[in-house]
Amino acid sequence: MRNTLLRMLAALMCVLAVCADVMPVKEFDLEKFGGKWYIVGFATNAQWFVNHKANMKIGTAVIVPTAGGDLDLSYANLNADGTCWRMTHLAKKTDTAGRFTFHSQIWKNDNDMRIVEVLYDDYALVHTIKTKDGVSEVLNKLYSRTPESSVTLQQKFRQFSMDTGILPDNIAILPKNAECPEA
């Protein structure tokens, strides 16, 4: 029992060390990052995701840069019953371009979000470390400007997620979904 616990702790420390080294893309362009994105990939070892991933589908993120260099984030997903799930955050810029922080009132956690790789008219890899009550979890998202993503891009997302400690079974390329109407 003790050895198992020590091994799990060592594995967690390795994952956290890897995630601490995940840096945002160089020369991040706030204005080009703005606009509508489709969340086509989602990866995390968080238990809530493991329990719900079978029902998850593509959602949207609308990102609006602010005059002060922050990001207004608006997420929307169409539920099976036709209702829309929505969430908004103001992600505050940090001293590192492409890195933002915010507190989620809904989930009551602190978020350290990094835009790791981006082709502004195509896709973005977004890496977020979520911390609640001293426990950190990694969440990676694959953003696309369209609801489709290439096999090559999906493989890149899977590899990046595994490199940041996500188990292969906890990496999802989400199925298409209708969009929520404008709020």
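These numbers come from a predicted model, not from an experiment. (Residues numbered from 1 in each chain as written. Predicted model: local features only at pLDDT ≥ 70, side-chain atom pairs only at ≥ 80, totals over all residues. Heavy atoms only, no water.)

> Would you mind going over the pairing of strand β1 (residues 35-44) in detail, with residue names and values included?
Of all 10 residues in β1, eight are buried, a share of seventy percent or more. Relative to strand β2 (residues 59-65), β1 runs antiparallel, the two sharing five bridges. Paired with Ile 39 across the strands is Gly 59, a residue of β2. As paired strands, β1 and strand β8 (residues 135-144) are joined by six bridges and run antiparallel to one another. Residue Thr 44 lies in a different strand from β8, and its bridge partner there is Leu 139. Where β1 lies against strand β9 (residues 171-173), three bridges are found, and the strand directions are antiparallel. The partner of Gly 41 across the bridge, within β9, is Ile 173. (Buried < 20%, exposed > 50% of the residue type's maximum accessible area, 1.4 Å probe, protein only. Helix = DSSP H or I, 4+ residues; strand = E, 2+ residues; numbered from the N terminus. Pairing = 2+ DSSP bridges.)

> Break down helix α4 (residues 151-163) for me, citing the residues and quoting the values.
When the terminal C-alpha atoms of α4 are compared, their 18 Å separation across 13 residues agrees well with the 18 Å that a helix rising 1.5 Å per residue should span. Leu 153, Gln 154, Phe 157, Phe 160 and Ser 161 are the residues of α4 that are buried. Projected down its long axis, α4 shows its buried positions confined to an angular sector of 125°, all on one face. Exposed side of α4, more than 90 degrees from the buried face: Val 151, Thr 152 and Gln 155 are the residues found there. Buried-residue contacts for α4 involve β1, β6 (109-119), β7 (123-132), β8 and β9. (Expected span 1.5 Å × (residues − 1). Arc of directions from axis to C-beta. Contact = heavy atoms within 4.5 Å.)

> Explain the state of the cysteines residue by residue, including any values.
For the structure shown, the criterion picks out one disulfide. Between Cys 84 and Cys 180 runs a disulfide, and the two sulfur atoms are separated by 2.3 Å. On the sign convention where negative means left-handed, the S-S torsion of about -125° between Cys 84 and Cys 180 marks this disulfide as left-handed. Within this pair, whereas Cys 84 is found in strand β4 (residues 84-93), its partner Cys 180 is found in the segment after β9, the two being separated by 96 residues in sequence. According to the relative accessible area criterion, Cys 84 is partly exposed, its value standing at 27%. (Disulfide = S-S within 2.5 Å.)

> How would you explain a nonpolar patch on the surface if you had to name every residue and give the values?
A cluster of nonpolar side chains, Trp 85, Ile 106 and Trp 107, forms an exposed patch at the surface whose accessible area comes to about 310 Å². In this structure, Trp 107 sits in the loop between β5 (99-104) and β6. (Patch = residues over 30% accessible without salt bridge, like charges linked within 9 Å, V, L, I, M, F, W, Y side chains within 5 Å. Areas by Shrake-Rupley, 256 points an atom, 1.4 Å probe, with all protein chains shown as cover. Salt bridge = Lys/Arg side-chain N within 4 Å of Asp/Glu carboxyl O.)

> Kindly report on empty space enclosed by the protein, identifying the contributing residues and their values.
A complete count under the given rule lists one cavity of 30 Å³ or more for this structure. The space that makes up the largest cavity amounts to roughly 50 Å³. Every residue lining the largest cavity is listed: Tyr 38, Ile 58, Gly 59, Thr 60, Ala 76, Asn 77, Leu 78, Asn 177, Ala 178, Glu 179 and Cys 180. Breaking the lining of the largest cavity down by element, the ones donating at least two residues are β2 and β3 (71-78). Broken down by element, the lining of the largest cavity gets its largest block of residues, three residues, from β3. Among the residues forming the lining of the largest cavity, the class breakdown is six nonpolar, four polar and one charged. (1 Å grid on protein atoms, 1.4 Å probe; cavity = no way out; pocket = protein on both sides within 12 Å on 5 of 7 lines; lining within 4 Å. Points joined across faces, edges and corners; volume = space filled by probe spheres on them. Nonpolar A, V, L, I, M, F, W, Y, C, P; charged D, E, K, R; others polar.)

In short, the description is geometric, and any link to function would need to be established separately.
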